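# Structural description and commentary
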Amino acid sequence: MYVAVKGGEAAIDNAHRLLADRRRGDRDVPALTLDQIAEQLALGVDRVMSEGSLYDRRLAALAIKQARGDLIEAIFLLRAYRTTLPRFGYSEPVDTGAMLVERRISACYKDLPGGQLLGPTFDYTHRLLDEVLDGDPAVDVGLQRTDAQEPATHIADILGAEGLIEEDAPAAASEPGDINQTPMEFPLSRATRLQALSRGDEGFLLALGYSTQRGYARSHPFAGEIRIGEVDVELFVPELGFAVPVGRVQLTECQMVNQFKGSAKVPPQFTRGYGLVFGQSERKAMAVALCDRALRAEELGEEVVAPPQDQEFVISHCDNVQATGFVEHLKLPHYVDFQAELGLVRNMRAEHEAMSGSEAREAAE
Amino acid sequence: MNIAAPQASALQDDSIEQPLLSVRSLTRYYGTRIGCADISFDIWPGEVLAIVGESGSGKTTLLNCISTRLPPTSGTVSYSMRDGVLHDLFKLREADRRFLLRTDWGFVHQNPADGLRMAASAGANVGERLMAVGDRHYGHIRETAIDWLDRVEIDAGRIDDQPRAFSGGMRQRLQIARNLVTAPRLVFMDEPTGGLDVSVQARLLDLLRGLVNDLGLAVIIVTHDLAVARLLSHRMIVMKDGRVVEQGLTDRLLDDPQAPYTQLLVSSILQG
Amino acid sequence: MNAQQRTSTYNFAYLDEQTKRMIRRAILKAIAIPGYQVPFASREMPMPYGWGTGGVQVTAAILGPNDVLKVIDQGADDTTNAVSIRKFFERVAGIATTTKTSHATIIQTRHRIPEVPLTAGQVLVYQVPNPEPLRFLEPRETETRKMHALEEYGLMHVKLYEDIARNGHIATTYAYPVKIEGRYVMDPSPTPKFDNPKMHMSDALQLFGAGREKRIYALPPHTQVVSLDFEDHPFEVQRFDKPCALCGAEQVYLDEVILDDRGNRMFVCSDTDHCESRRAKGYRGELGGAQ
């Protein structure tokens, strides 16, 4: 009986106890360590850091373990923790041009300064299940480059030298917004949209980006450049008067190059879509770049015809912590409202019966 | 005192002899391209003005600028509000402009779906403006809606149907009723007979002419169809490439066109 | 009432003081403009969006160590989510909690207003899923904000008109829109319309928090709250045929409880504290049993 849900303090405690039991699973199987998760499920950890909006591999691994591998639940845990952390300041903008790249590819040129560096990619693997991984086979160490890294110029800078691609928008006169500190008010600036996209749900953005390729708000993209690697994070310390490095983070950056017809004011040139996310999350960075470009429709004078171009639609629905909360809140009791609807339906049915009864009498007369 | 008196009465006469809407040097650019340029005219209470021209002549741009749906690049549009004072429309607060749009003005779109709430009933479509200006009596709103459906020749039995279930001609008549229910003084129409069959067009034009005469409406109607202009309008403006090529009384202009372009337009219709 | 030992890893009432100040500023603005939705930088909370994060943030921002907190969901103190939120504040604020409406200084609620009139000094905090009363008529935030700014509420009445045209009466039973001091149209949160009259001229301060939608709005004490209607179809609240089966209360909101699979059911007070207080005073309904 549903009323059993009432008086449920003990029931809740018991449910939590059972959850802990199921999370641990068979006690004869050794418990996962956070190191194992961080080292061997690293891309899952990266996604949790990126959408959890907190760069900490150990905490992300802990969240994945606690969430029984449910990544959205893990993202939620990380976000709820992150919200309690005091804010010391804002880092200086990171310089992805100076990135220590582990992977860097461009689909626009066969070769380019700095070279095509494939890095640790699934791209050319055959997707055949590898039974050997059932055990713990010895794995060769990856080869290391011996010479120094050739500077890897951003492809946008190469195209930009010829004026073929729009220039990077000048840094806004005011500080970029912060979606954690200020309520979002539409229309949003591009900087604000990019923040929201960067921690948006990978699946949602992937599907939206995909829809632009299938003709909804088509923008003719080329993967101008994707790079993955570590960059220095620096914090300006007023007491010192200069910026000091506080650590390094791994980032994935995607620059899409898109066609643009030009307008009365602007000659035809390529435009950009941009994506930057924590960790190695190439699919996500590409999806963000596609969505970013689609969301610039109004700015570029393009007709807004499809959902990926609609910032209220995209940004209001891309956060999976918000989305999962509201979808799952349907599980909460709603019996007070349901009672109100129940009463109304009963009244309306009674009225309907009374009316069809009188119609039947009239027909008989 | 004796000298001042006639001046005062002259001033009063001036305010009676004041146009309802006054357009001066109105210009709208799209980038470097001209939408419409240097347009000036007045419209008087009860007058029907047709703006004609082929597509791309700037007539819809002009209509959108006058009705404040599009900001002009330069020039002014003034309207004589119910206080009798001419106000520059683009200096009004948005709240006042929107109030004007839903009370003293009407806008009949070529496509009825742009001017109707397709998911609301016909009665609600007609009643919305009444409710927006504060009518809170359901019975009165419903009676008024039934009255207006009757006036635009829609069966009162269809009052709870959605416009989706209506034919093109019915939708257009519903849109007209929705606009006229608050007794506006000025109605803008953008090709109101555009998408309709010829026989349906004739009936709608007949209805429009009757309503305009009965209610003493001022109308600014954009059309490419000289027959529509001849049937409805007192005065005409002919546009080409964003500029006025000729304006004057409709009968005079159609019977004795002066500008070569107007002559071409009129002769093509007569031969066609 | 029982004061709890609070978890010391987090700041008092979970949120850091900077965030609380931000929320309090939004609350003050909301109180200054009754019925107006104030945007605020809503935070992630350790419970999911849609489960009361807005109410929890408002409560966390106004909670002091001497406050006594009551949390209800569907009118009841012992529903799962009410239990969970009450435990949360016991843990992170160590404050005293109660189920007695009259003992509470702050009452956080989802879907109900207590039956006993609230008094001066009490604060009722509502959990709000969709703060925008115009949302289902106009999906676009930029447009609805403009509609509020320009007081364009005709569309709201279009919906009520359609209800009457279709059903002969207004068919909205909960989240029934209200107009505040003749200015803003406001969503009362999904409380049944039965509770709307309780909002009008209440002695208590009423605060509304929508976490996912990042909005706070408020009704200061003694604010005029009018449910939208037509002159010839005035606003009416639900009526129940029978009194509460347990305590015999009339003119209260009742829950339907299914007793078996043969269609037997009983109707009992949705406000559990109200029902228990009445029974403690000796009132009995038809299934209330002997004292």
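Every value quoted in this text rests on a predicted model; they were computed, and no experiment measured them. (Residues numbered from 1 in each chain as written. Chains lettered and ligands numbered in written order. Predicted model: local features only at pLDDT ≥ 70, side-chain atom pairs only at ≥ 80, totals over all residues. Heavy atoms only, no water.)

### Details of the overall build of chain C
Within chain C one finds seven helices and 12 strands. Scaling as 2.2 N^0.38, a compact globule of 291 residues should have a C-alpha radius of gyration of about 19 Å, and chain C matches this with 20 Å. Referenced to the eigenvectors of the C-alpha coordinate spread, the extents of chain C come out at roughly 60 × 55 × 35 Å. Looking at chain C as a whole, 63% of its 291 residues are labelled buried. For chain C, the share of sequence-separated contacts (at least 6 apart) that also reach a separation of at least 24 residues comes to 63%. Each charge class in chain C can be summarised by its mean position, and for the 35 positive and 36 negative side chains these summaries are 6 Å apart. (Helix = DSSP H or I, 4+ residues; strand = E, 2+ residues; numbered from the N terminus. Rg over C-alpha atoms; globule rule 2.2 N^0.38 Å. Buried < 20%, exposed > 50% of the residue type's maximum accessible area, 1.4 Å probe, protein only. Contact = heavy atoms within 4.5 Å. Lys, Arg positive; Asp, Glu negative; His and termini not counted. Charge placed at Lys NZ, Arg CZ, Asp CG, Glu CD.)

### Points about the pattern of salt bridges
Residue and element names in this part refer to chain A. Tallied over the entire structure, the rule returns 67 salt bridges over all chains. Note that R27 is salt-bridged to D21, the shortest N-O span being 2.9 Å. Classification of D21 by relative accessible area gives partly exposed; the value is 27%. (Salt bridge = Lys/Arg side-chain N within 4 Å of Asp/Glu carboxyl O.)

### Some thoughts on the packing of aromatic side chains
We describe a pair of aromatic rings using the distance from one ring centre to the other and the angle between the two ring planes. Following the criterion strictly, the structure yields 15 aromatic pairs over all chains and no others. Centroid distance Y79 of chain B to W105 of chain B: 5.3 Å. Interplanar angle 85°. Geometry classified as edge-to-face. You can see Y79 of chain B sitting in strand β4 (residues 74-80) and its partner W105 of chain B sitting in strand β6 (residues 105-108), a full 26 residues away along the chain. In this pair, the class of Y79 of chain B matches that of W105 of chain B, namely buried. Taking the centre distance of 4.7 Å and the plane angle of 5° together, the rings of F208 of chain C and Y217 of chain C count as stacked. One aromatic cluster is present, formed by Y79, W105, F107 and F188 of chain B through successive ring pairs. Lying over the aromatic face of F107 of chain B, R69 of chain B brings its terminal NZ or CZ to 4.3 Å of the ring centre. In this structure, R151 of chain B packs its charged tip against the face of W148 of chain B, placed 4.3 Å from the ring centre. (Phe/Tyr/Trp six-rings, centres within 6.5 Å; stacked < 30°, edge-to-face > 60°. Lys NZ or Arg CZ within 6 Å of the ring centre and 35° of its normal.)

### With respect to the nonpolar core
In summary, soluble globular proteins display a tendency toward joint burial of nonpolar side chains. In this structure, M236 of chain B together with F89 and Y161 of chain C are the most contacted members of the largest nonpolar core, which totals 111 residues. By residue number, the principal contributor to this core is helix α5 (residues 154-167) of chain C, which donates seven residues. Residues within four places of M236 of chain B in sequence aside, it is in contact with L49, A50, V52, L226, A229, E246, Q247, G248, T250, L253 and L254 of chain B. Counting 30 residues, the second-largest nonpolar core is a separate cluster that includes I43, C65, I66 and L89 of chain B. (Core = buried A, V, L, I, M, F, W, Y, C linked by side-chain atoms within 4.5 Å.)

### Some remarks on the interface of chain A and chain C
The partner chain C presents 58 residues to the 45 residues of chain A that form the contact. Summed over both partners, the interface of chain A with chain C comes to about 4,500 Å²; 56% of that surface belongs to carbon and sulfur atoms. Scanning the region where chain A abuts chain C turns up six salt bridges. The tally of links from chain A across to chain C stands at 23 residue pairs in polar contact (both at pLDDT 80 or more). Where the side of chain A that touches chain C is concerned, the elements lending two or more residues are α1 (9-24), α5 (71-82), α11 (320-328) and α12 (335-364) of chain A. Counting residues per element, the side of chain A that touches chain C draws most heavily on α12 of chain A, at 11 residues. Along the lines of polarity and charge, the residues of the side of chain A that touches chain C split into 19 nonpolar, 12 polar and 14 charged. (Buried area = accessible area lost by both parts, 1.4 Å probe. Polar contact = N/O pair within 3.5 Å; in protein donor to acceptor, adjacent residues only side chain to side chain. Nonpolar A, V, L, I, M, F, W, Y, C, P; charged D, E, K, R; others polar.)

### Remarks on the packing of helix α6 (residues 138-151) of chain B against α5 of chain C
Across the interface, α6 of chain B lies against α5 of chain C with an axial gap of 11 Å and an inter-helix angle of 80°. When the interaxial angle is binned, α6 of chain B and α5 of chain C end up roughly perpendicular. Packed against α6 of chain B, whose contacting residues are Y138, I141 and R142 of chain B, the element α5 of chain C presents Y161, I164 and A165 of chain C at the interface. Here the residues of the contact of α6 of chain B with α5 of chain C sort into five nonpolar, no polar and one charged. (Axes fitted to C-alpha atoms, helices over the stretch in contact; angles between N-to-C directions. Parallel < 35°, antiparallel > 145°, perpendicular 65-115°, else oblique.)

### Here's the deal with the domain arrangement of chain A
Residues and elements named next belong to chain A. By domain assignment, chain A separates into domain 1 (9-82) and domain 2 (96-119 + 150-166 + 183-323). The C-alpha-based centres of domain 1 and domain 2 are spaced at 29 Å. The interface is formed by 15 residues belonging to domain 1 together with 18 residues belonging to domain 2. For the pair domain 1 and domain 2, the summed buried surface comes to about 1,300 Å²; carbon and sulfur atoms form 51% of the total. On the domain 1 side of the contact with domain 2, S50, Y55 and R79 bury the most area, a combined 42% of that side's loss. Counting across the interface, domain 1 meets domain 2 through three salt bridges. Looking at the side of domain 1 that touches domain 2, the elements with two or more residues in it are α3 (42-52) and α5. A total of six residues in the side of domain 1 that touches domain 2 trace back to one element, the largest contributor, which is α3. (Domains from an automatic or database assignment.)

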